[in-house]
Each structure stands twice: as C-alpha cells, then as structure tokens.
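This is what each chain is made of:
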Amino acid sequence: PYKIPHHYEVKLKGHEGIVTAIGLDPSGSRLVSGGFDQTIKFWDFPAMDINGRSFRSIEPPDDVIHTLKYSKTGDKILMAGSSPQARIYDRDGRQLVEFVKGYPYITDMASTKGHVSRITCAFWHPTQKDTIVTGS
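In what follows, the accompanying structure is described. Note that this is a predicted model, so its numbers are computed, not measured. (Residues numbered from 1 in each chain as written. Predicted model: local features only at pLDDT ≥ 70, side-chain atom pairs only at ≥ 80, totals over all residues. Heavy atoms only, no water.)

## Describing unusual backbone geometry
A positive phi angle, near 65 degrees, is found at Gln38, a position not held by glycine. If you trace the backbone, Gln38 turns up in the loop between strand 2 (30-35) and strand 3 (40-44). (Helix = DSSP H or I, 4+ residues; strand = E, 2+ residues; numbered from the N terminus.)

Here's what the structure looks like:
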C-alpha cells in the first residue's frame, strides 16, 4: 500500500519583493529568506503565531540576496548578495564576518584578494566546518 506523506503549509508574510533565497536550519525549526527587497527575514517555526511573521529582519548593504545557507551545525548563516563580499551571520542575525572585497581595477587577479564583482553563489565546505566556497 502506498502512504501519502503528510505535509504542512504556512504562508510567511513580510517581504515586499520577490524572494530569491531561502535557507533551512538542520533541525528544520528556523528559516531565513531574502530577496529583491534587500532584507533578510528570520523565521522561528516553534515560536511563530498564527500571523506568520518573522522575528527579525536585517538589511545588509546588498541590493539582492542570492544565497542563504545554514552551516551544518545551524549556528551560522552564509549570505551572498549583489556585492563582492560574502557575509556570515549568527542564527539571530548578528553579523560575525564580512569577507574582503577585491580591488576591481587591477589586471592581474592573482594580485588581489576577494571577489571584484557580485557573488552569485556560496556554499559551506562539506567537511571543513569553518570554510566556505564562493563563486562570482
């Protein structure tokens, strides 16, 4: 016999534009979302009321949020947006790290550190918990 899986649905209200990135923590209890409205919203499902509102909203200095990824331990969030600098936040939205921006007017890219154009993707390394991989 085939069992139909159970599912739950909740409408999360708060963004004023298209959502382009979401990240779910390893326990499944928290979610982050970001997009064209230049905000990152933090959602806590166990503490959420019937209105479905986020418990925190931050505005990083990026135009569009491209990537939001929780670390394997769920204590950090990797964010990449329309700037050349990736950022790491704690699970409550406090910025922990802002990576260096490369110098865009140099012809030898080996002579600069960091990205010189917007980051389009970012991931946590699968085995090294404090290492990230970014693409631009």
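## A closer look at the environment of Tyr89
Looking at the element boundaries, Tyr89 is found in strand 7 (residues 87-90). According to the relative accessible area criterion, Tyr89 is buried, its value standing at 4%. Sequence separation between Tyr89 and Ile77 is 12 residues, and the spatial gap between their C-alpha atoms is 5.1 Å. (Buried < 20%, exposed > 50% of the residue type's maximum accessible area, 1.4 Å probe, protein only.)

## Considering the sheet that holds strand 3
Within the open sheet, the four strands sit side by side as 1-2-3-4. Their pairing is antiparallel. The two strands at the open ends of the sheet, each matched to only one other strand, are strand 1 (19-24) and strand 4 (56-58). Pairwise comparison of adjacent strand axes, ignoring direction, gives a mean angle of 20 degrees for this sheet. Both strand 3 and strand 4 contribute to a ladder of three bridges, which runs antiparallel. Residue pairing across strands places Phe42 opposite Arg56, the latter belonging to strand 4. (Pairing = 2+ DSSP bridges. Axes fitted to C-alpha atoms, helices over the stretch in contact; angles between N-to-C directions.)

## Description of the pattern of salt bridges
The tally for this structure, following the rule as stated, stands at seven salt bridges. A salt bridge links Arg94 to Asp92; the nearest nitrogen and oxygen atoms lie 3.7 Å apart. Judged by its relative accessible area of 48%, Arg94 is partly exposed. Overlapping salt bridges bring together Arg30, Asp44, Asp90, Asp92 and Arg94 as one network. (Salt bridge = Lys/Arg side-chain N within 4 Å of Asp/Glu carboxyl O.)

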